[in-house]
Amino acid sequence: DSRNILCSSLEKFSNYMLEKINNTGYYNKLGIKEFSEIKDIKLMLGTELEFWVRTPYDAINIDKLVLSQTLKEQYWKRTQGVVRTALEKSVEILNLYGFNVEMGHKEVGGVNNYISFDGAVENHIVEQLEIDWKYDEALKSADKEIIARILIKEIFRLYGLEVSFNAKPIIGVAGNGKHCHLSIILELKNGKKINL
């Protein structure tokens, strides 16, 4: 499975890097006197998870979405109403699970909602959001993403909204990216960490 492939890849990566550092003496350039001071090399991963939120069963107006995206109407705008509540609740719950969420915000996709004089929403909800959490070891980050997807879907469902993490859920408009920031950490036996 994909988790086993990741575990195997991380082990191969660590062994390869440690061998290169030892053979080239690169550790001396890092201020390390002996190779034996090195404990491990870890691949760290920071995830930015994008997803579309919409009112279930409502038709999506692709033309409005394309126009809104072209005009960059939605990017980093403040979320409102039930979407904001669900986003805030998702951040809150993810933090209870130890995610250390750094940001939850609107992404590029979506259309403006209009409220009539009687307070009714004139058109349905369709917005693209993103939640980012603090980097962690690659395997832990991958596990957290699976948990995050489940929690986010269930929390938004409680507020009557549907969530999609599919790469291209709506043809013709921005897809859901999952930006991953990578870094390599050299860990010493004394606990010190060096960002390579």
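All values derive from a computational prediction rather than experimental measurement.

### Observations concerning the pairing of strand β6 (residues 178-188)
- Where strand β1 (residues 38-54) lies against β6, 11 bridges are found, and the strand directions are antiparallel. Bridged to Lys42 within β6 is Ile185.
- Summarising the sheet, β6 and strand β7 (residues 193-195) pair through 3 bridges and their orientation is antiparallel. Counted as the bridge partner of Ile185 is Asn195 from β7.
- The antiparallel pairing of β6 with β7 creates a hairpin that spans 4 residues between the two strands, and Gly191 there sits at a positive phi of about 95 degrees.

### With respect to a nonpolar patch on the surface
- On the surface, Leu96, Tyr97 and Ile147 cluster together into a nonpolar patch covering about 350 Å² of accessible area.
- Tracing the backbone shows Tyr97 in the loop between α4 (81-96) and β2 (101-110).

### Regarding the packing of aromatic side chains
- This model, assessed by the stated rule, comprises 4 aromatic pairs.
- Look at Phe51 and Phe156: their rings are 5.7 Å apart centre to centre, the planes differ by 75 degrees, and that puts the pair in the edge-to-face class. On the criterion of sequence distance, the pair formed by Phe51 in strand β1 and Phe156 in helix α5 (residues 138-158) is long-range, its members being 105 residues apart.
- Look at Phe99 and Trp133: their rings are 5.2 Å apart centre to centre, the planes differ by 80 degrees, and that puts the pair in the edge-to-face class. Of this pair, Phe99 sits in the loop between α4 and β2 while Trp133 sits in strand β3 (residues 126-133), and the two are 34 residues apart along the sequence. The two residues Phe99 and Trp133 agree in class, both being buried.
- Over the face of the ring belonging to Phe99 we find Lys144, whose NZ or CZ atom lies 5.6 Å from the ring centre.

### Here we look at the packing of helix α1 (residues 2-24) against α5
- Running from N to C, α1 and α5 cross one another at 165 degrees; their axes reach a closest spacing of 10 Å. As summarised for this structure, α1 and α5 are arranged roughly antiparallel, according to the angle between their axes. When you trace α1 past α5, the crossing you get is right-handed. Between α1 and α5, the contacting residues are Arg3, Leu6, Cys7 and Leu10 on the first element and Ala138, Leu139, Ala142 and Asp143 on the second.

### Structural notes on unusual backbone geometry
- You will see that Asn100, though not glycine, has its phi angle at about 55 degrees, which is positive.
- Tracing the backbone through its elements, the reader meets Asn100 in the loop between α4 and β2.

### Side note on α1
- For α1, spanning 23 residues, the distance from its first C-alpha to its last is 32 Å, which sits close to the expected 33 Å at 1.5 Å a residue.
- Every buried residue of α1 is accounted for by Leu10, Ser14, Leu18 and Ile21.
- On the buried face of α1, the contacting elements are α2 (26-29), β1, α5 and β6.
- Looking at the residues trailing α1, positive phi occurs at Gly25, about 70 degrees.

### As for the pattern of salt bridges
- A complete count under the given rule lists 11 salt bridges for this structure.
- Lys144 is the partner of Asp136 in a salt bridge, and the nearest nitrogen-oxygen pair spans 3.2 Å.
- A residue is classified by how much of its surface remains accessible, and Lys144, at 14% relative accessible area, is buried.

### With respect to the packing of α4 against α5
- Running from amino to carboxyl end, α4 crosses α5 at an angle of 145 degrees, the nearest separation of the two axes being 9 Å. Here α4 runs over α5; the crossing is right-handed. Residues Val83, Ala86, Leu87, Lys89, Ser90, Ile93 and Leu94 of α4 form the contact with α5, whose own contacting residues are Ala148, Leu151, Ile152, Ile155 and Phe156.

### Side note on the nonpolar core
- Core analysis: the largest hydrophobic core is formed by 20 residues, its most contacted members being Phe51, Leu94, Ile131, Ile152 and Phe156.
- Elements supplying a minimum of two residues to this core: β1, α4, β3 and α5.
- Considering each element in turn, this core owes the most residues, 5 residues, to α5.
- For Ile152, the residues in contact, after removing those within four places along its chain, are Leu49, Phe51, Ser90, Leu94, Ile131, Val163 and Phe165.
- Ile21, Ile32, Leu188 and Ile194 belong to the second largest nonpolar core, which has 9 residues in total.

The rules behind these values
Residues numbered from 1 in each chain as written. Predicted model: local features only at pLDDT ≥ 70, side-chain atom pairs only at ≥ 80, totals over all residues. Heavy atoms only, no water. Pairing = 2+ DSSP bridges. Helix = DSSP H or I, 4+ residues; strand = E, 2+ residues; numbered from the N terminus. Patch = residues over 30% accessible without salt bridge, like charges linked within 9 Å, V, L, I, M, F, W, Y side chains within 5 Å. Areas by Shrake-Rupley, 256 points an atom, 1.4 Å probe, with all protein chains shown as cover. Salt bridge = Lys/Arg side-chain N within 4 Å of Asp/Glu carboxyl O. Phe/Tyr/Trp six-rings, centres within 6.5 Å; stacked < 30°, edge-to-face > 60°. Buried < 20%, exposed > 50% of the residue type's maximum accessible area, 1.4 Å probe, protein only. Lys NZ or Arg CZ within 6 Å of the ring centre and 35° of its normal. Axes fitted to C-alpha atoms, helices over the stretch in contact; angles between N-to-C directions. Parallel < 35°, antiparallel > 145°, perpendicular 65-115°, else oblique. Left-handed = near helix turned anticlockwise from the far one by under 90°. Contact = heavy atoms within 4.5 Å. Expected span 1.5 Å × (residues − 1). Core = buried A, V, L, I, M, F, W, Y, C linked by side-chain atoms within 4.5 Å.

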